[in-house]
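A structural walkthrough
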Amino acid sequence: MTFYIVVTVISAVSFAADMILRYMEKIRSFGMEERLHNIKGDTIPIEDLIPHNLTMLTVWGMAFGTFGIFMKLLGLHPFLSFPASAAFGCIVNFTVMHFIKPFYANILGDELSEKTDISGNSAVCTERIAGDSYGRIELEYHGKRYEFEAISEYETDIEKGENVLVLYRDGQFCVVEKQSELLDVLNEK
């Protein structure tokens, strides 16, 4: 019981601090939104069961701890309560990512939606884009960071950390070019 209480309290305090700093103090660069994993593909949303960042890890911890306390109060054996609590945390994480977060984004209106045109925006390459292969970019939009799969327009290699320009976007996929390539074209005689 003590374990579940400690996990719940630590997660709740971390989540409250995150929300206070993010939405009341407008501080968004302290690392809670950094991705914990980079699972490719959106076909099967199994990656939404796993916390994407530290904020979602605190949500998972609160759900895990609360459900664990409930299971202990029912008198269930730890071999059953621990996996059930972990599964409940994953279900809550999935629910937040697929239902609560999009609803919240529609209310605020400053989230990057599927229909938002981001062509012409600058981004940073976060995973090397080989000339004929995919990589990842990170784009900042209204103070929030978003990651996209990306491919190079002219099939040139783009190294991690290089600045790119978004030319086209389709869902979670972007076509980009190096900003230095754009300047090279302008400097040609």
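The structure reproduced in this document is the subject of the present report.

1. Notes on the overall build of the chain
Broken down by element type, the chain carries four helices and five strands. Along the chain, helices (α) and strands (β) appear in the sequence α-α-α-β-β-β-β-β-α when read from the amino end. Relative to its full complement of 189 residues, the chain shows a buried share of 34%. Across the chain, contacts joining residues at least 24 apart in sequence account for 53% of those joining residues at least 6 apart.

2. Looking at the side chain of Ser81
Mapped onto the secondary structure, Ser81 falls in helix H3 (residues 78-108). What Ser81 contacts, discounting residues up to four positions off in sequence, is Tyr4, Met71 and Lys72.

3. Remarks on the sheet that holds strand S3 (residues 144-152)
Read once around its circumference, the closed barrel built from five strands follows the order S1-S2-S3-S5-S4, with strand pairing classed as mixed. Across this sheet, the average inter-strand angle for adjacent strands is 55°, counted without regard to direction. Bridging between strand S1 (residues 122-127) and strand S4 (residues 163-170) involves three bridges; their strand directions are antiparallel. In the sheet register, Val124 faces S4, and the bridge partner there is Asn163.

4. Quick look at the environment of Ile46
You can see Ile46 is positioned in the loop between helix H1 (2-24) and helix H2 (54-73). The spacing of Ile46 and Cys90 is 44 residues in sequence and 9.8 Å in space, taken between C-alpha atoms.

5. A few points about H2
Here H2 is 20 residues long and its end C-alpha atoms lie 28 Å apart, about the 28 Å a rise of 1.5 Å per residue gives. When H2 is considered as a whole, its buried residues turn out to be Thr55, Met56, Thr58, Val59, Trp60, Gly61, Ala63, Phe64, Gly65, Gly68 and Met71. Measuring from the backbone nitrogen of Thr55 back to the side-chain oxygen at the start of H2 gives 3.3 Å, which picks out Asn53 as the cap.

Conventions we followed
Residues numbered from 1 in each chain as written. Predicted model: local features only at pLDDT ≥ 70, side-chain atom pairs only at ≥ 80, totals over all residues. Heavy atoms only, no water. Helix = DSSP H or I, 4+ residues; strand = E, 2+ residues; numbered from the N terminus. Buried < 20%, exposed > 50% of the residue type's maximum accessible area, 1.4 Å probe, protein only. Contact = heavy atoms within 4.5 Å. Pairing = 2+ DSSP bridges. Axes fitted to C-alpha atoms, helices over the stretch in contact; angles between N-to-C directions. Expected span 1.5 Å × (residues − 1). Polar contact = N/O pair within 3.5 Å; in protein donor to acceptor, adjacent residues only side chain to side chain.

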